[in-house]
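Spelled out, the chains give:
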Amino acid sequence: MTSSDRSQAVDEKRSYEVRTYGCQMNVHDSERLSGLLEDAGYVRAPEGSDGDADVVVFNTCAVRENADNKLYGNLGRLAPMKTKRPGMQIAVGGCLAQKDRDTIVKKAPWVDVVFGTHNIGKLPVLLERARIQEEAQVEIAESLEAFPSTLPTRRESAYAAWVSISVGCNNTCTFCIVPALRGKEEDRRPGDILAEVEALVAEGVSEITLLGQNVNAYGSDLGDREAFSKLLRACGQIEGLERVRFTSPHPRDFTDDVIAAMAETPNVMPQLHMPMQSGSDPILKAMRRSYRQERFLGIIEKVRAAIPHAAISTDIIVGFPGETEEDFQQTMHAVREARFANAFTFQYSKRPGTPAADMDGQIPKEVVQDRYMRLVALQEEISWEENKKQVGRTLEVMVAEGEGRKDGATHRLSGRAPDNRLVHFTKPEQEVRPGDVVTVDITYAAPHHLLAEGPTLTVRRTRAGDAWEKRNAAPAQPAGVMLGIPTLGVPAPLPAAASGCSVPASS
């Protein structure tokens, strides 16, 4: 944005609020939307303002169940507030905006701006145009105008960051509408990615998550099938970068060179989120997933052989059209064989615009619910058994912010082990900041967390902790993007959107 654009954009300090729903890609985009607005002169509204800001932005997801009803419900609640506050503006972006376009303004004529997934950089200009012209601005680009990572940003963490390496997806999964909304895959140049990572590390970031709709297909747009493994190895050469994660890969593109790069690059963490979706070969075929159960379990076996302590998670859809009890039992068998550390499990529900929505053999809700409960019970049992194997291990834990909801009452702190397991540990006498690293002995395991009840063995103050301290020493900034789904840490993978549109599940 030019200086003249910036001076036009906001005549006085106006507040903004961004509400985010969906996957990591949306969270990544929302950090850019916040950065764009602050670059244009807006200031973030206090936490809990609940629509009391001058500008409220909805960054939407198109595939979560009843996503459109939830959006219009939230917009309806803001309508009387907008009537009482002259000058208040409402903007809607993201996947649902890309899909519904003019429908949003027809159903909610008090909305000022509608923008899509390809032109988030236009938000400040569209807001100003709507204010001057006093009419809604709907602008949906059909192709990407700028990689989100090249836009201004307001990151939600001082010590961990997302780095987008590609956008879009070339797959045609029948349950997923993402390719229609985010477009075909486009890859960033490796030099641009590494330059961003180096800049983040210089700011104090010590953990990055490489982000893509199908992250390990990176290179298909560049003509290099080994580009992703090369990128992982290059990240291993960046001094000060302690942890590298990525999400989400597709089994079709998960090759041996990636496994080798994970095993041989010390700062690539022993964690893998690999969406399975179903263990039944006929259902995988109906989903247009280009692998079968044997291929999937073979990848898991190779990863465990190369990285024995790797924690592997997945996404599973129960009740896909045509799924029989035998198909479901194949999924249960695959779960028993894979022994996932955890799984994001979803009951299939129709998503308008997807081929699966029109398939024969839609499963009755009560049958889907029964299968879902049986799968959840099995995975809970496996998660607990796998976590019990961690008892007695000494782990390095990166201290996190906001991970332990009961930390104040229990006098504990919380953080993430290298394999991304959540660890609660006894608060040491020495000051420990988010981004610092502690060493602890694991004494107890629950299905979804580990506990270190003894004294902290070591505390290592880090540049990431310094960055957190510097940020929090500045004038108080309200907590960030309001997520529509619970987080698992920063920047650990968020739960996938139902039916697999999101970054963990879309691949």
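Shown above is the structure to which this text applies.
Here the structure is a predicted model, which is why all the values come from computation and not from measurement.

Draft legend 1. Focus on the overall build of the chain. In terms of helices and strands, the chain carries 16 helices and 22 strands. Out of the 507 residues in the chain, the part that is buried amounts to 59%. The contacts of the chain with a sequence gap of at least 6 include a subset with a gap of at least 24, amounting to 76%. On the chain, roughly 20600 Å² of surface is accessible, and the fraction owed to carbon and sulfur atoms is 50%.

Draft legend 2. Quick peek at unusual backbone geometry. Looking along the chain, the bond that leaves Thr 247 and enters Ser 248 is cis, with omega of 0 degrees. Looking at where Ser 248 falls in the secondary structure, it is placed in the loop between strand S11 (243-247) and helix H10 (256-264). With a phi angle near 55 degrees, His 411 is a residue other than glycine that sits in the positive phi range. Within the element layout of this structure, His 411 appears in the loop between helix H15 (407-410) and strand S16 (412-416). What makes His 411 exposed here is its relative accessible area of 59%.

Draft legend 3. Seen up close, the packing of aromatic side chains. Applying the stated rule across the entire model yields four aromatic pairs. Taking 5.1 Å as the distance between ring centres and 80 degrees as the angle between the ring planes, the aromatic pair formed by Phe 228 and Phe 246 counts as edge-to-face. Taken together, the residues span a long stretch of sequence, with Phe 228 in helix H9 (residues 227-235) and Phe 246 in strand S11 at a distance of 18 residues. The exposure class assigned to Phe 246 is buried, which follows from its relative accessible area of 6%. Between Phe 320 and Tyr 348, the ring centres sit 5.4 Å apart and the planes meet at 70 degrees, which makes this aromatic pair edge-to-face. Taken together, the residues Phe 320 in the loop between strand S13 (311-318) and helix H13 (325-338) and Tyr 348 in the loop between strand S14 (342-347) and helix H14 (365-388) connect sequence positions 28 residues apart. Taking the relative accessible area as the measure of exposure, Tyr 348 reaches 10% and is therefore buried. Looking at Lys 388, its charged tip hangs above the ring of Trp 384, at a distance of 4.5 Å from the centre.

Draft legend 4. Structural context of the nonpolar core. Ranked by internal contacts, the top residues of the largest apolar core, which has 53 residues, are Ile 208, Leu 210, Phe 228, Leu 232, Phe 246, Phe 254 and Val 303. Those residues in contact with Phe 246 that sit more than four places away from it in its chain are Thr 209, Leu 210, Val 215, Phe 228, Leu 232, Phe 254, Met 262 and Leu 272. Listed in part, the 22 residues of the second largest apolar core include Phe 58, Leu 75, Ile 90 and Leu 181.

Draft legend 5. Representation of H10. Along H10, the residues that are buried comprise Asp 257, Val 258, Ile 259, Ala 261 and Met 262. Those residues of H10 that are buried lie in contact with H9, S11, strand S12 (271-273) and helix H12 (293-306).

Draft legend 6. Seen up close, the packing of H9 against H10. Where H9 contacts H10, the axes come no closer than 8 Å and their chain directions differ by 5 degrees. The orientation of H9 with respect to H10, classified from their angle, is roughly parallel. Here Phe 228, Ser 229, Leu 232 and Arg 233 of H9 lie close against H10, whose contacting residues are Asp 257, Val 258, Ala 260, Ala 261, Met 262 and Glu 264.

Draft legend 7. Looking closely at the side chain of Ser 313. Assignment of secondary structure puts Ser 313 in strand S13. Once residues lying within four places of it in the same chain are set aside, the contact partners of Ser 313 are Leu 272, His 273, Met 274, Phe 340 and Asn 342.

Draft legend 8. Inspection of the sheet that holds strand S10 (residues 207-211) at higher detail. The strand order across the open sheet formed by three strands is S7-S10-S11, and the pairing between neighbours is parallel. The two strands at the open ends of the sheet, each matched to only one other strand, are strand S7 (160-164) and S11. Along the sheet, successive strands turn relative to each other by an average axial angle of 25 degrees, direction set aside. Two strands pair when backbone bridges link them, and S10 and S11 are joined in this way by five bridges, in the parallel orientation.

What counts and what doesn't
Residues numbered from 1 in each chain as written. Predicted model: local features only at pLDDT ≥ 70, side-chain atom pairs only at ≥ 80, totals over all residues. Heavy atoms only, no water. Helix = DSSP H or I, 4+ residues; strand = E, 2+ residues; numbered from the N terminus. Buried < 20%, exposed > 50% of the residue type's maximum accessible area, 1.4 Å probe, protein only. Contact = heavy atoms within 4.5 Å. Areas by Shrake-Rupley, 256 points an atom, 1.4 Å probe, with all protein chains shown as cover. Phe/Tyr/Trp six-rings, centres within 6.5 Å; stacked < 30°, edge-to-face > 60°. Lys NZ or Arg CZ within 6 Å of the ring centre and 35° of its normal. Core = buried A, V, L, I, M, F, W, Y, C linked by side-chain atoms within 4.5 Å. Axes fitted to C-alpha atoms, helices over the stretch in contact; angles between N-to-C directions. Parallel < 35°, antiparallel > 145°, perpendicular 65-115°, else oblique. Pairing = 2+ DSSP bridges.

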